Amino acid sequence: MRYENDLRDRAAIVGIGATEFSKDSGRSELQLALECVSAALEDAGLEHSDVDGMVTFTMDNNPAVEVNRFLGGGHLTFFSRIHYGGGAACATVQQAAMAVATGVADTVVCYRAMNERSLNRFGTGIQDMQPEPTTASAHFGWYAPYGLLTPASWVAMVARRYMVEFGATSEDFGRVTVAARRFAATNPKAYFFDKPITLDDHQRSRFIVEPLRLLDCCMESDGGVAVVVTSLERARNLRCRPVRICAAAQGATNEQQMMTGFYADDITGLPEMGLVAKQLYATAGIGPEDVQAAIIYDHFTPFVLAQLEEFGFCGRGEAKDFVKDGHIDSGGSLPINPHGGQLGEAYIHGMNGIAEAVRQLRGKAVNQVDGAEHMVVTAGTGVPTSALLLGADG
Amino acid sequence: MATSKEEFEARLQEFVGLEIGAPEVGADLVNEPMIRHWCEVMEDRNPVYTDPAAAKDSVHGGIVAPPTMLQTWILDGFDMATPEKQPMNKQRELHAVFNEQGYTGVVATNCDQSYDRYLTPGEQVSGTTVIETISEEKATAIGIGYFIETRTTFRNQDGEQVGWMVFRVLKFKPSAQPAAAPAGDDGAPAAPVRLRAPRTHDNGWWWNKIDEGELHIQKCGECGVLRHPPRPMCGECRSIEWTSIISTGKGVINSYVIMHHPPIPGYGFPIACALIDLEEGTRIISNVVGCDLDEVHIGMKVSLSIENVDDEMKLPLFKPAQ
Ligand SMILES: [Zn+2]
């Protein structure tokens with residue numbers, strides 16, 4: 001199988017925009033989308049009439065044509081949506097880069113805007129599953145009658161096996177949250193600004209689905225984030241220091257399912273993320289040793305450990321020690337989620353992580369990682385997924 | 001433990017007239033910040049509670065506390081949410097007597113309060129609570145039970161009575177969860193039941209076999225490979241021909257979780273969900289029943305038991321192997 005593709009340095013992220021992050025935005029998802037897209041265009045120094053492409057998640061409730069129309073935009077030559085929940089996050093940028101690289105579009109906006117906390121909480125799972133017998137509903141029918149109904153429960157099943165195989169403990173998961181909340185505590189945009197926690201707080205938090213505790217689960221948020229992608233050549237003439245898309249990839253493997261990949265021989269890994277990692281490194285022509293910081297999708301702490309392993313930042317089963325030794329903290333060898341992640345800043349389905357990587361590679365992040373030249377950014381895990389390898393320019 | 005109704009009720013009556021414990025003393029003196037917070041939440045905009053100037057010109061001559069805050073001055077704060085942090089007192093002893101006999105439910109039904117005068121910042125409130133009455137057994141919509149009435153007398157730091165409260169709760173035996181049924185003639189709502197598995201052309205036969213009391217595993221009609229969950233085509237040889245075998249129902253737990261939250265109606269959380277490696281080599285998700293949750297572990301041998309979980313649905317469940 002060929003892992004290298006032709007997307008290296010063809011496109012760049014030139015603008016980022018976001019609303020505030022809250023538990024109740026008090027306005028429509030459509031308004032959140034319009035606010036974040038227009039903020040991203042302003043950041044890029046572009047006009048809404050420059051936009052000719054739009055990408056979002058299948059799960060987003062704001063159709064591209066509506067967002068374009070209400071922005072007062074012009075003609076769109078590219079519009080696309082990506083499936084599989086948070087697994088879509090980095091793929092929005094991949095598709096934008098592909099559109100730009102092929103000349104299908106010049107300026108593509110990727111956005112995700114949701115009242116996920118106040119309108120439609122994902123944490124409640126599939127309780128409202130529709131009874132119509134479709135392929136998707138029949139799939140969840142193997143779990144729903146037994147009560148295995150929530151994202152936390154699907155991750156917990158894998159986490160329990162991981163703990164036994166590698167000797168990981170609940171404390172090992174907790175250290176991921178402690179690190180995220182430490183970063184969030186110094187990020188004024190974070191929902192958990194100024195609210196660090198201790199490992200003891202984690203250990204005292206109640207079980208959601210054993211072995212996962214409340215503080216192993218990311219928050220639920222209202223908010224919107226958008227990024228603007230154009231060609232690297234054009235990016236260099238725009239307002240902000242461009243952030244190069246060194247590589248972008250999606251991945252789904254043969255035993256892939258939507259959160260319930262329980263039938264593979266070994267359920268403790270995230271092979272789809274391993275597939276994505278191989279493509280990123282092959283395309284960008286660099287390896288894990290060339291990455292100074294990372295945004296690791298953190299909806300649930302156990303999968304942060306598995307991703308560190310799949311990307312080769314540490315060996316299989318060694319992520320617990322990698323985290324314990326402080327590598328992921330400020331000043332460590334690989335600070336992760338310096339904005340606080342989805343455990344500390346907000347849960348915007350991974351898009352706020354992409355925006356943070358852009359700030360880091362511009363050198364303008366609130367918790368700036370010194371010497372950040374290349375960053376890995378990942379999307380939702382346990383599902384068909386995606387990731388980016390981004391680089392500072394010039 | 002066999003306790004006759006007479007013995008039980010006699011035990012209850014021993015509590016009547018008792019003070020539940022030492023007076024409960026407020027953690028804070030009556031104070032303006034708590035008054036302001038309360039008024040904001042209750043949207044009570046009467047300026048005598050929050051505006052010093054307006055209060056000075058009123059009949060009170062200064063800020064006073066809303067009378068309906070009376071009980072808040074002696075509440076426990078966050079510890080209320082953690083029963084194990086609460087010291088034992090006569091009221092909790094009484095509830096324990098009820099719990100032992102299956103009257104585990106509790107619901108507040110009435111609260112009457114009387115205020116002798118307004119409280120002013122700086123006063124310290126304490127409350128003395130007496131178990132005043134326990135009713136005879138009553139049948140209610142939520143189950144049979146007994147009403148308990150307590151009377152709390154509130155005093156300030158000088159022992160002056162400033163108000164009282166009578167609080168009534170029903171301590172009851174929760175009705176057994178009725179079988180799944182649509183709303184009946186009496187209009188009672190149907191009890192929540194577990195979600196059903198939608199039956200498609202690909203999986204309907206498998207669930208039909210469960211209804212008949214058999215756990216099947218799909219088998220390729222061409223190359224013979226076993227597969228679960230069922231699917232229309234063999235991933236090994238692309239054949240769409242298939243048959244099935246009946247599983248022995250013997251398996252080993254590969255992984256498991258204990259479901260706690262959110263408490264989804266119809267399931268009776270906490271329950272154990274497990275990924276089970278069947279003897280035949282396929283895997284299945286199910287519940288582990290018939291043992292304590294803390295006995296469930298990876299590597300545990302389990303065996304099949306197809307059971308009705310409500311009037312309409314059978315599920316293949318697993319129990320510790322004998
Ligand atoms: Zn076959």
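What counts and how
- Residues numbered from 1 in each chain as written.
- Chains lettered and ligands numbered in written order.
- Predicted model: local features only at pLDDT ≥ 70, side-chain atom pairs only at ≥ 80, totals over all residues.
- Axes fitted to C-alpha atoms, helices over the stretch in contact; angles between N-to-C directions.
- Helix = DSSP H or I, 4+ residues; strand = E, 2+ residues; numbered from the N terminus.
- Left-handed = near helix turned anticlockwise from the far one by under 90°.
- Contact = placed C-beta atoms within 7 Å.
- Nonpolar A, V, L, I, M, F, W, Y, C, P; charged D, E, K, R; others polar.
- Buried ≥ 20, exposed ≤ 12 C-beta atoms within 10 Å, placed from the backbone.
- Pairing = 2+ DSSP bridges.
- Domains from an automatic or database assignment.

**Q** When you look at the packing of helix H1 (residues 29–44) of chain A against helix H2 (residues 64–71) of chain A in this model, what are you seeing that I'm missing?
**A** Working note: a packed helix pair is described by the angle between its axes plus the distance between those axes. All names here are of chain A. For the pair H1 and H2, the least separation of the axes is 10 Å and the interaxial angle reads 65°. Viewed along their axes, H1 and H2 form a crossing whose handedness is right-handed. Of the residues in H2, those in contact with Leu30, Ala33, Leu34, Val37 and Ser38 of H1 are Glu66, Val67, Phe70 and Leu71. Residues that form the contact of H1 with H2 fall into these classes: 7 nonpolar, 1 polar and 1 charged.

**Q** What am I meant to see in the environment of Gly332 of chain A here?
**A** Residues and elements named next belong to chain A. Inspection of the secondary structure puts Gly332 in the loop between helix H11 (319–324) and helix H12 (341–344). The partly exposed category is assigned to Gly332, around which 16 C-beta atoms lie within 10 Å. In this structure the C-alpha to C-alpha distance between Gly332 and Ala293, which are 39 residues apart in sequence, comes to 9.2 Å. Setting aside residues up to four positions removed in sequence, Gly332 forms contacts with Gly326 and His327.

**Q** Help me out: how do you make sense of the sheet that holds strand S7 (residues 216–220) of chain B in this one?
**A** The strands making up a sheet are joined through hydrogen bonds of the backbone, oriented either antiparallel or parallel. Residues and elements named next belong to chain B. Within the open sheet, the 3 strands sit side by side as S8-S7-S9. Their pairing is antiparallel. The sheet is open, and its two borders are formed by strand S8 (226–227) and strand S9 (242–246), each paired with just one other strand. Here 2 bridges tie S7 to S8, and the two strands are oriented antiparallel to one another. Each residue of the ladder has a partner; that of Gln218, found in S8, is Arg227.

**Q** Please clarify how the domain arrangement of chain B should be interpreted in this entry.
**A** The extent of an interface is frequently quoted as the accessible surface area lost upon association of the parts. All names here are of chain B. In terms of domains, chain B is made up of domain 1 (5–40 + 52–172), domain 2 (203–246) and domain 3 (248–322). Using C-alpha coordinates to define each centre, domain 2 is positioned 21 Å away from domain 3. Across the boundary between the two partners, domain 2 contributes 8 residues, which contact 10 residues of domain 3. Contributions of two or more residues to the side of domain 2 that touches domain 3 are made by helix H5 (204–211) and S8. Looking at the side of domain 2 that touches domain 3 residue by residue, the class counts come to 4 nonpolar, 2 polar and 2 charged.

**Q** What is the right way to look at the interface of chain A and chain B in this model?
**A** Listed as interface residues are 30 residues of chain A and, on the opposing side, 32 residues of chain B. Considering every element that reaches the side of chain A that touches chain B, the biggest residue donor is helix H5 (residues 151–166) of chain A, with 6 residues. Per-class residue counts for the side of chain A that touches chain B are 20 nonpolar, 6 polar and 4 charged. Summarising the sheet, strand S5 (residues 207–210) of chain A and strand S10 (residues 250–259) of chain B pair through 2 bridges and their orientation is antiparallel. Pairing of Glu210 of chain A across the sheet is with Ile258 of chain B, part of S10 of chain B.

**Q** What is the right way to look at the sheet that holds strand S11 (residues 385–392) of chain A in this model?
**A** Residue and element names in this part refer to chain A. As summarised here, the arrangement of the 9 strands in space is S3-S2-S4-S7-S1-S8-S11-S10-S9, forming an open sheet in which the pairing is mixed. The open sheet terminates on both sides in strands that have one partner only, identified here as strand S3 (78–82) and strand S9 (293–295). When the angles between neighbouring strand axes are averaged without regard to direction, this sheet yields 25°. Taken together, the 7 bridges between strand S1 (residues 11–18) and strand S7 (residues 222–231) define a ladder with antiparallel strand orientation. What sits directly across from Ala18, in S7, is Val225. Across the sheet, H1 is in contact with S1, strand S4 (108–115) and S7; its angle to S1 comes to roughly 130°.

**Q** How should I be thinking about unusual backbone geometry in this particular structure?
**A** Trans peptide bonds make up most of the peptide bonds, and negative phi angles are found at most residues other than glycine. Residue Glu210 of chain A is joined to Pro211 of chain A through a cis peptide bond whose omega torsion reads 10°. Mapping Pro211 of chain A onto the fold places it in the loop between S5 and strand S6 (212–213). Omega for the peptide link from His261 of chain B to Pro262 of chain B comes to -5°, which places this bond in the cis form. Positive phi is not limited to glycine here, since Tyr84 of chain A has a value of about 75°. Mapped onto the elements of the fold, Tyr84 of chain A is located in the loop between S3 and helix H3 (89–101). The phi dihedral of His349 of chain A is positive, around 55°, even though this residue is not glycine. Relative to the elements of secondary structure, His349 of chain A occurs in the loop between H12 and helix H13 (351–362).

**Q** Honestly, the environment of Leu343 of chain A in this entry has me stumped. Any pointers?
**A** Residues and elements named next belong to chain A. If you trace the backbone, Leu343 turns up in helix H12. Under the C-beta neighbour-count criterion, Leu343 is labelled buried, with 30 such atoms within 10 Å. Separated by 42 residues in sequence, Leu343 and Thr301 place their C-alpha atoms 8.6 Å apart. Beyond its immediate sequence surroundings of up to four residues, Leu343 is in contact with Thr177, Ala180, Arg181, Cys218 and Asp298.

**Q** Would you mind showing me how to read the pairing of S10 of chain B here?
**A** The side chains of a regular strand alternate, first on one face of the sheet and then on the other. All names here are of chain B. In terms of burial, S10 is a largely internal element, 7 of the 10 residues being buried. In the sheet, S10 pairs with strand S13 (residues 301–308) via 3 bridges, with the strands oriented antiparallel. Bridge pairing links Lys250 to Ser303 in S13. Bridging between S10 and strand S11 (residues 271–278) involves 8 bridges; their strand directions are antiparallel.

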